[in-house]
Amino acid sequence: MSSSDIFIGETIGTAVLILLGGGVCAAVTLKRSKAQNAGWLAITFGWGFAVLTGAYLAGGVSGAHLNPAVTIGLAIEGGTKWSDVPLYLGSQLLGAVIGAVLVWLTYYGQFRAHLTDPEILGAQSGEEGMVDKATAPKAGPVLGIFSTGPEIRHAVQNLVTEIIATVVLVLAILTQGLNNEGNGLGTLGALVTALVVVGIGLSLGGPTGYAINPVRDLGPRIVHALLPLPNKGGSDWGYAWIPVVGPLVGGAIAGGLYNVAFA
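These lines cover the structure that appears in this document, whether it is placed above or below. As the structure is a computational prediction, the values presented were derived from the model and not from experiment.

### Structural notes on the overall build of the protein
- Along its length, the protein carries 11 helices and zero strands.
- The N-to-C order of helical and strand elements in the protein reads α-α-α-α-α-α-α-α-α-α-α.
- Expected size for 263 residues packed as a compact globule is a radius of gyration near 18 Å; at 18 Å, the protein falls within 12% of this value.
- The C-alpha extent of the protein, read off along each of the three principal axes, is 65 × 35 × 30 Å.
- Long-range contacts, defined as pairs at least 24 residues apart, comprise 78% of the intrachain contacts of the protein with a sequence gap of at least 6.
- Approximately 11,700 Å² of the protein is accessible, and the part contributed by carbon and sulfur atoms is 65%.

### Focus on the packing of helix H3 (residues 68–77) against helix H8 (residues 155–174)
- Contact geometry of H3 with H8 gives a least axis separation of 10 Å together with a crossing angle of 55°. One finds that H3 runs oblique with respect to H8. Judged by the sense of rotation from one axis to the other, the crossing of H3 with H8 is right-handed. Across the interface between the two elements, Ala 69, Val 70, Gly 73, Leu 74 and Glu 77 of H3 pack against Thr 166, Val 170, Ile 173 and Leu 174 of H8.
- When grouped by side-chain class, the residues that make up the contact of H3 with H8 number six nonpolar, two polar and one charged.

Calculation criteria
- Residues numbered from 1 in each chain as written.
- Predicted model: local features only at pLDDT ≥ 70, side-chain atom pairs only at ≥ 80, totals over all residues.
- Heavy atoms only, no water.
- Helix = DSSP H or I, 4+ residues; strand = E, 2+ residues; numbered from the N terminus.
- Rg over C-alpha atoms; globule rule 2.2 N^0.38 Å.
- Contact = heavy atoms within 4.5 Å.
- Areas by Shrake-Rupley, 256 points an atom, 1.4 Å probe, with all protein chains shown as cover.
- Axes fitted to C-alpha atoms, helices over the stretch in contact; angles between N-to-C directions.
- Parallel < 35°, antiparallel > 145°, perpendicular 65-115°, else oblique.
- Left-handed = near helix turned anticlockwise from the far one by under 90°.
- Nonpolar A, V, L, I, M, F, W, Y, C, P; charged D, E, K, R; others polar.

In structure tokens form, the structure reads like this:
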């Protein structure tokens, strides 16, 4: 596939992935949303459908990696040229940024209503009124719409959780080619991958929110830091390295495991 195919497919596919995935987080989180408090099942299935849609759109163009961990795993396995890896990663990050901006535009009114609500502000600052920027928490009240965060902040556990979950994802993708013809599952692979993502969310997502994709976390976190959201609080950059490094390590481990156990 050409460089333009990779750029177009990965940018559009990742943008749709983040638009629908971030969109379900916004729908469940924000006041004046019809889906507020729909819960974890809505989020996990929403992200699964987001993966399904993004992968289906980009599959015939770029191969629908949509995730640097998948790209690294495929490069180690041998299915992707290392010379194409930077273009894949750059396109995925751009798509993630675009998708996060589209979430903000879609829920613009709900963001404003949520972030000016005295109850929300009081919970963040300890009293009603404006959030004091000097004492704002590391994670602002809508950061979870854009990026992930741990329920218990323990760097080693959080990193290991992301590594394990990403190994499951990437290994499941790599082994789709192990059929009688050896040519993968075609468009059916997008459905299988989506169901794997739902399973990971239900089983392994509790500790960290299962980033399992560096740009899924980094791109929207950048957007959160830059957007003119009132009283948005911090972007928790102290945690931001874990959902980037963990999935990259997990993708590399999965690629190595595939070569040892399945190739």
